[in-house]
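Here's the letter readout for the chains.
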Amino acid sequence: MIKTDYAKYSKLSPFELKDQLIAIAQSKTDRMMLNAGRGNPNFLATLPRRAFFQLGLFAATEAEFSFSYMPEGLGGFPRQNGLQQRFDHFVLSNTDRSGVTFLGKALSYVRDQLGLDADAFLLEMVEGVLGCNYPVPDRMLHVSESIIKEYIFREMGVHGLEKEAVDLFAVEGGTAAMAYIFNSLKQNKIIDYGDKIALGVPIFTPYLEIPELNDYQLKQVFIHADPKHGWQYPEAELRKLEDPTIKAFFLVNPSNPPSVKMSDENLVILADIIKKRPDLIILTDDVYGTFAENFKSLFALCPNNTILVYSFSKYFGATGWRLGVIALSKDNIIDEKIADLPAEDQLALEKRYSSLTTDPNCIRFIDRMVADSRNVALNHTAGLSTPQQVQMVLFALFNMMDSQQYYKKAVQSVVRERDLALYRQLGTTAPQDCNSINYYTLVDLENTSRELYGHDFADWVMKTKVPAELLFRVADETGIVLLPGSGFAVEHPSARASLANLNAYQYAAIGRSLRKFADDAYQEYLATSIATVD
Ligand SMILES: *Cc1c(COP(=O)(O)O)cnc(C)c1O
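What you are looking at is a predicted structure, and each value in this text was computed from that prediction instead of being measured.

**Examining the domain arrangement of the protein**
- Along its sequence, the protein is carved into domain 1 (5-31 + 406-533), domain 2 (47-132) and domain 3 (142-400).
- Taking only C-alpha atoms into account, the centre of domain 2 sits 34 Å from that of domain 3.
- Domain 2 puts 21 residues into the contact, and the matching count from domain 3 is 21 residues.
- Together domain 2 and domain 3 conceal approximately 1700 Å² of surface at their shared face, both sides included; 74% is due to carbon and sulfur atoms.
- For the pair domain 2 and domain 3, the interface holds eight residue pairs in polar contact (both at pLDDT 80 or more).
- Contributing elements (two or more residues each) for the side of domain 2 that touches domain 3: helix H2 (47-63), helix H4 (98-113) and helix H5 (118-130).

Below, the structure written as structure tokens:
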């Protein structure tokens, strides 16, 4: 075997390292490269997609009632008159198609359970799926916003807030949400040069990197989750947020990569901190919230301080759809901060938004995000495409109508089985606690070494092995790419595997490869320790 100099890899950035790992994993022609570094799930919700396509066929027929004297292929706007009767007929005459049956039930659910106007809903869906109008309102379609709010309230554990007290902005996934939020915080001087920002780490890499913000030379304060305590934040770490110079706290909850939701104890401490720091802005990225049981978002806990980001990408297996929302309370501290800006900043912002209204000072932060997302001037054509909003609504209804939560239980058991398959082969216990959602797993080099072959061996591994070696060995032997924990600001040498995007036997192969690495290292350790004992 050729001895590779792994030390040189420790100098690579996480992205360069990933590219090198992919190259090695692909280097053997007789096998497939498998990327367990990606968060993209390999499962997806099918019924709401069936519903989407059936709705599309119904809507196309509706459109063809107009201009029917013209050559084929030309239609007009759907008409509300008699729409529901025709829809009912469509549902009743296609009961053999599950997507159609779902649509019929969805209409009943929206009318009878959510108490919304069925005619308005149907017209919004039919027009929406055809995509024959600009999204109006640009922030989000009316009935769609009501339905998604209901979904967000239920899944994010929001109680005791009025629906009217919250606004949603429908966006192109969590990625767009982050870009829009950061940009508007910056444009509106909420975050300024040299400001101090706290990050809950480990965290999804882009939060460590957002160049827009790096231009601002922000000072980052890390709030470290503790691996010894199930990756919860120790109280002393959270109390750092009491420092009044910290402007905002960004976190991912449930976290990525440790994949745990914040414990109730953590939530209580945070609520107390917010009492002392009512000016602290919280940005919570809760894209994994729907994988958890009884999830409670910080948005539910301190709605006036918190911007919530939710994405449909992971839970519904819909990364290609680009679906997400930003939620913000009408009563929020960001709008207060904008109102309190120095006169000179106020004037500049008044100018920035003057094309939108005669009274730009009154534009709320959420609407500023909508405008900023299209460089203000193109505000009238802003917004998420209407077919996307329709699919988002169908996903949310699918979840809400599933009163036994069969889908949630199914995805939970899929990732859990993969987790077990990996650790069974590795021969260590799978990290488990009630807050874990198992979307990712972090294999810690030191702990694993200790659990397999004891303290002395673990110490030797930490002294002699470069963490990158483990990743390269796995890539070389199995063709499977794992990511280094360091890319997510994990302090301890570790590897991140997504449990969402490969099948159970492939996770077993990862476990076997990791075990082989440990066993080989142990032989090496025995040889060197025999050589040195004398
Ligand atoms: C995957 C992921 C996103 C991006 O989601 P999209 O909706 O696909 O853009 C955002 N935040 C976190 C923490 C993620 O893991």
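**Observations regarding the sheet that holds strand E5 (residues 246-252)**
- If you trace the seven strands from one edge of the open sheet to the other, you get E2-E8-E7-E6-E5-E3-E4, paired in mixed fashion. Each edge of the open sheet carries a strand with a single partner, namely strand E2 (166-171) and strand E4 (219-224). Strand-to-strand twist of the sheet, defined as the mean angle between neighbouring strand axes without regard to direction, takes the value 20 degrees.

**Quick word on the nonpolar core**
- Within the largest apolar cluster, 113 residues are counted, with the highest numbers of intra-cluster contacts made by Ile148, Tyr310, Phe312, Phe316, Leu397 and Leu482.
- If we ignore the near neighbours within four places in the chain, the residues touching Tyr310 are Tyr151, Ile152, Met156, Asp286, Val287, Thr290, Tyr315, Phe316, Gly324 and Val325.

**With respect to the site of the ligand**
- In the region of the ligand, 13 residues are neighbours, and Gly174, Thr175, Tyr288, Ser311 and Lys314 sit closest.
- Separating an oxygen atom of the ligand from a side-chain N or O atom of Ser311 is a distance of 2.6 Å.
- Against a free-state accessible area of 380 Å², the protein chains account for coverage of 93% of the ligand.
- The element contributing the most residues to the shell around the ligand is helix H7 (residues 173-187), with three residues.
- Taken together, the residues that form the shell around the ligand break down as four nonpolar, six polar and three charged.

**What about the packing of aromatic side chains?**
- On inspection of all chains with the given rule, the structure shows 34 aromatic pairs.
- We note Lys314 situated over the ring of Phe204; from NZ or CZ to the ring centre the distance is 6.0 Å.

**Considering the sheet that holds strand E9 (residues 440-444)**
- Taken together, the three strands give an open sheet; going across it, the order is E9-E12-E11, and neighbouring strands pair in antiparallel fashion. Edge positions in the open sheet fall to E9 and strand E11 (483-484), since each of these has one partner strand only.
- Alignment of E9 against strand E12 (residues 494-498), held across five bridges, turns out to be antiparallel. Among the inter-strand pairings, Tyr440 is bridged to a residue of E12, identified as Ser498.
- The strands touched by helix H18 (residues 445-453) are E9 and E12; relative to E9, the strand with the most contacts, the crossing angle is about 65 degrees.

What counts, and at which threshold
- Residues numbered from 1 in each chain as written.
- Predicted model: local features only at pLDDT ≥ 70, side-chain atom pairs only at ≥ 80, totals over all residues.
- Heavy atoms only, no water.
- Domains from an automatic or database assignment.
- Contact = heavy atoms within 4.5 Å.
- Buried area = accessible area lost by both parts, 1.4 Å probe.
- Polar contact = N/O pair within 3.5 Å; in protein donor to acceptor, adjacent residues only side chain to side chain.
- Helix = DSSP H or I, 4+ residues; strand = E, 2+ residues; numbered from the N terminus.
- Pairing = 2+ DSSP bridges.
- Axes fitted to C-alpha atoms, helices over the stretch in contact; angles between N-to-C directions.
- Core = buried A, V, L, I, M, F, W, Y, C linked by side-chain atoms within 4.5 Å.
- Buried < 20%, exposed > 50% of the residue type's maximum accessible area, 1.4 Å probe, protein only.
- Near = heavy atom within 4 Å.
- Areas by Shrake-Rupley, 256 points an atom, 1.4 Å probe, with all protein chains shown as cover.
- Nonpolar A, V, L, I, M, F, W, Y, C, P; charged D, E, K, R; others polar.
- Phe/Tyr/Trp six-rings, centres within 6.5 Å; stacked < 30°, edge-to-face > 60°.
- Lys NZ or Arg CZ within 6 Å of the ring centre and 35° of its normal.

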